[in-house]
Amino acid sequence: MQNIFNFSAGPAMLPQEVMQQAQEELINWQGLGTSVMEVSHRGKPFIEVAEQAEADLRELLQIPANYTVLFMHGGGRAQFSAVPLNITKSSDLSQHLVTGQWSVGAEEEAQKFCRSSIVAKSKEIEGKMYVPKQDEWSIAEEPGYFHYCTNETVDGIEIDWVPKSQSGQVPIVADMSSNILSKPLNIEDFGIIYAGAQKNIGPSGLSVVIVRNDLIGFARKDTPAIFNYQLQAASGSMYNTPPTFSWYLAGLVFKWLKAQGGLTEIARVNQQKSQVLYKQIDATGFYSNNVHNEYRSKMNVTFKLSDESLNEVFLKQAESNGLVALKGHRAVGGMRASIYNAMPLAGAQALADFMKEFERKNG
Ligand SMILES: *Cc1c(COP(=O)(O)O)cnc(C)c1O
């Protein structure tokens, strides 16, 4: 057994029980004498895995019947292009709330396929990053869709409220790559939810897409077939060979989440984990976090040392204490502790204890 806590932002740690099960059945899956990677996606054993995974995801997130779940290729970024290709004409407008690196990326990609506009950007108020509320946005025309990112993985900004379409006609599209399944959701608030798998679902390469049925069927003619929601929906996400191993592993993660007590329980633990860390960060001026309390991420806790010349020693000593991958994204520097669902409370506690001790020695 490995004795480390892995705080990687993604690909990120997966539940230990899931990894153990995958290991045990890796070369002899369901007594078939082969791996799940080596069987046809159209055969009965894999179809059962695929269907069960979808059923468990639907149960966990309480996905209504008028939404389709797709297991697609290309991770989070593929959907930056798939969304406009599937639901806009090039003359339509996509509207974006920009709160960090990932929502910027989605807006830049949308520009290739339709017009785009930014309703608001996160901004610093008294040293803390804040997300303007809807009554502070500038909106000139009704868009084809509205896009935002519910958790900015790099910047550590999480938005718990859901924007509302004034007319009720604008699909709300959410990139939930780094906080899907971290808490209960009201799916009906959204037109499309998508997530790359490697933060909270399973191995990278897979994207999970939850799309309201009335938004399916409008893909432009030049949409690559594998990104066409209608084709993928009609073929059970098997228009081409899906990422079968990732789908299987996602299914194991969904089962694990159910065994933990579902998303209400998961959310409670996530709250505790993040509290333990923010409390340590706020204790003195030795560490700091630059996000307004309302928007502090429960998945990616970013922080800086007041003396940044200690960064390298901090990372080295953390690593020798079994606390790995804490270096912040190169775009923002500092530190980042990614504490997705698979990170146990003990991991967050171990990091907080280490931070306290490091401060005592170096403060
Ligand atoms: C990681 C991430 C992505 C990109 O995912 P890829 O699978 O690398 O394309 C997009 N959005 C968010 C919020 C992410 O955290």
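Quick caveat, the model's predicted, so the values are computed rather than measured.

## Digging into the overall build of the chain
Stage number 1. Looking only at helices and strands, one finds nine helices and 16 strands in the chain.
Stage number 2. A globule of 363 residues ought to have a C-alpha radius of gyration of about 21 Å, and the chain, at 21 Å, matches this closely.
Stage number 3. Seen through its C-alpha atoms, the chain measures out along the principal axes to roughly 60 × 60 × 30 Å.
Stage number 4. Expressed as a percentage of the 363 residues in the chain, the buried residues total 55%.
Stage number 5. Taking the contacts inside the chain whose residues are at least 6 apart along the sequence as the reference set, 69% of them involve residues at least 24 apart.
Stage number 6. On the chain, roughly 15,900 Å² of surface is accessible, and the fraction owed to carbon and sulfur atoms is 50%.
Stage number 7. Separation between the mean location of the 32 positive side-chain charges and that of the 38 negative ones in the chain comes to 1 Å.

## Brief notes about the site of the ligand
Stage number 1. Every one of the 14 residues lining the ligand counts as a neighbour, but Arg 77, Thr 153, Asp 175, Gln 198 and Lys 199 are closest to it.
Stage number 2. Separating an oxygen atom of the ligand from a backbone N or O atom of Gly 76 is a distance of 3.1 Å.
Stage number 3. Measuring from an oxygen atom of the ligand, one finds a side-chain N or O atom of Thr 153 at 2.4 Å.
Stage number 4. When isolated, the ligand has an accessible area of 390 Å², and the protein chains bury 87% of it.
Stage number 5. Residues of the shell around the ligand, tallied by class, amount to three nonpolar, eight polar and three charged.

## A few points about the pairing of strand β12 (residues 206–212)
Stage number 1. Among the seven residues of β12, six are classified as buried, and the element is accordingly described as predominantly covered.
Stage number 2. Pairing analysis gives seven bridges linking strand β2 (residues 67–73) to β12, with the strands arranged antiparallel. Each residue of the ladder has a partner; that of Phe 71, found in β12, is Val 208.
Stage number 3. Two strands pair when backbone bridges link them, and strand β11 (residues 192–196) and β12 are joined in this way by five bridges, in the antiparallel orientation. Following the sheet pairing, Ala 195 is matched in β12 by Val 208.

## Digging into the environment of Leu 185
Stage number 1. Relative to the helices and strands, Leu 185 resides in the loop between β10 (172–175) and β11.
Stage number 2. When the C-alpha atoms of Leu 185 and Gln 62 are compared, they prove to be 8.0 Å apart, with 123 residues separating the residues in sequence.
Stage number 3. Here Leu 185 is in contact with Leu 61, Met 176 and Ile 193, once residues within four sequence places are set aside.

## Overview of unusual backbone geometry
Among all residues save glycine, negative phi is the norm, and among peptide bonds the norm is trans.
Stage number 1. A cis amide bond links Gly 10 with the next residue in sequence, Pro 11, at an omega value of -10°.
Stage number 2. Mapped onto the fold, Pro 11 is located in the loop between β1 (5–6) and α1 (16–24).
Stage number 3. The residue Gln 62 is not glycine, and still its phi comes out positive at about 55°.
Stage number 4. With respect to the helices, strands and loops of the structure, Gln 62 is situated in the loop between α2 (44–61) and β2.
Stage number 5. The backbone of Ala 325 shows a phi angle near 65°, a positive value even though the residue is not glycine.

## Some points on the nonpolar core
Stage number 1. Counting 57 residues, the largest nonpolar core has Leu 97, Leu 181, Ile 210 and Phe 254 as the members making the most contacts within it.
Stage number 2. Among the elements that make up this core, the one with the highest residue count is helix α6 (residues 244–259) (nine residues).
Stage number 3. Counting 26 residues, the second largest nonpolar core, distinct from the first, contains Leu 277, Leu 323, Ala 348 and Phe 354.

## Focus: the UniProt feature "domain: Aminotransferase class V" (unreviewed entry) in the chain
Stage number 1. The UniProt record annotates "domain: Aminotransferase class V" (unreviewed entry) at residues 4–350.
Stage number 2. Taken end to end, residues 4–350 is 32% helix and 19% strand, and its first and last C-alpha atoms sit 10 Å apart.

## Quick notes on the packing of aromatic side chains
Stage number 1. Taken as a whole, this structure holds 19 aromatic pairs when the rule is applied.
Stage number 2. Consider the rings of Trp 29 and Tyr 248, whose centres lie 6.3 Å apart with planes at 85°: the pair is edge-to-face. Placement of Trp 29 in the loop between α1 and α2 and of Tyr 248 in helix α6 is noted, with a sequence separation of 219 residues between them.
Stage number 3. Residue Trp 29 is classed as buried on the basis of its relative accessible area, which comes to 2%.
Stage number 4. In textbook terms, an aromatic cluster arises when at least three aromatic residues are bridged by ring pairs, as seen for Tyr 130, Trp 137, Phe 146, Tyr 148, Trp 161 and Tyr 295.

## Looking at the domain arrangement of the chain
Stage number 1. Assigned domains within the chain: domain 1 (17–259) and domain 2 (261–362).
Stage number 2. Look at where the C-alpha atoms of domain 1 and domain 2 centre, and you get two points 27 Å apart.
Stage number 3. Between domain 1 and domain 2, the contact holds 33 residues from the first and 26 residues from the second.
Stage number 4. Looking at the side of domain 1 facing domain 2, the largest losses of area belong to Lys 128, Val 154 and Glu 158, adding up to 21% of the total buried there.
Stage number 5. Applying the counting criterion to the domain 1 and domain 2 interface returns three salt bridges.
Stage number 6. Of the charged contacts in the structure, one is a salt bridge between Glu 294 and Lys 133, with a shortest N-O distance of 3.2 Å.
Stage number 7. Here domain 1 is connected to domain 2 by 20 residue pairs in polar contact (both at pLDDT 80 or more).
Stage number 8. When residues of the side of domain 1 that touches domain 2 are traced back to their parent elements, those giving at least two are α2, β6 (128–130), β8 (151–152), β9 (157–158) and α6.
Stage number 9. Its residues assigned to classes, the side of domain 1 that touches domain 2 comprises 15 nonpolar, nine polar and nine charged.

Rules used throughout
- Residues numbered from 1 in each chain as written.
- Predicted model: local features only at pLDDT ≥ 70, side-chain atom pairs only at ≥ 80, totals over all residues.
- Heavy atoms only, no water.
- Helix = DSSP H or I, 4+ residues; strand = E, 2+ residues; numbered from the N terminus.
- Rg over C-alpha atoms; globule rule 2.2 N^0.38 Å.
- Buried < 20%, exposed > 50% of the residue type's maximum accessible area, 1.4 Å probe, protein only.
- Contact = heavy atoms within 4.5 Å.
- Areas by Shrake-Rupley, 256 points an atom, 1.4 Å probe, with all protein chains shown as cover.
- Lys, Arg positive; Asp, Glu negative; His and termini not counted.
- Charge placed at Lys NZ, Arg CZ, Asp CG, Glu CD.
- Near = heavy atom within 4 Å.
- Polar contact = N/O pair within 3.5 Å; in protein donor to acceptor, adjacent residues only side chain to side chain.
- Nonpolar A, V, L, I, M, F, W, Y, C, P; charged D, E, K, R; others polar.
- Pairing = 2+ DSSP bridges.
- Core = buried A, V, L, I, M, F, W, Y, C linked by side-chain atoms within 4.5 Å.
- UniProt positions renumbered as here; feature names shortened; annotations may be inferred.
- Phe/Tyr/Trp six-rings, centres within 6.5 Å; stacked < 30°, edge-to-face > 60°.
- Domains from an automatic or database assignment.
- Buried area = accessible area lost by both parts, 1.4 Å probe.
- Salt bridge = Lys/Arg side-chain N within 4 Å of Asp/Glu carboxyl O.

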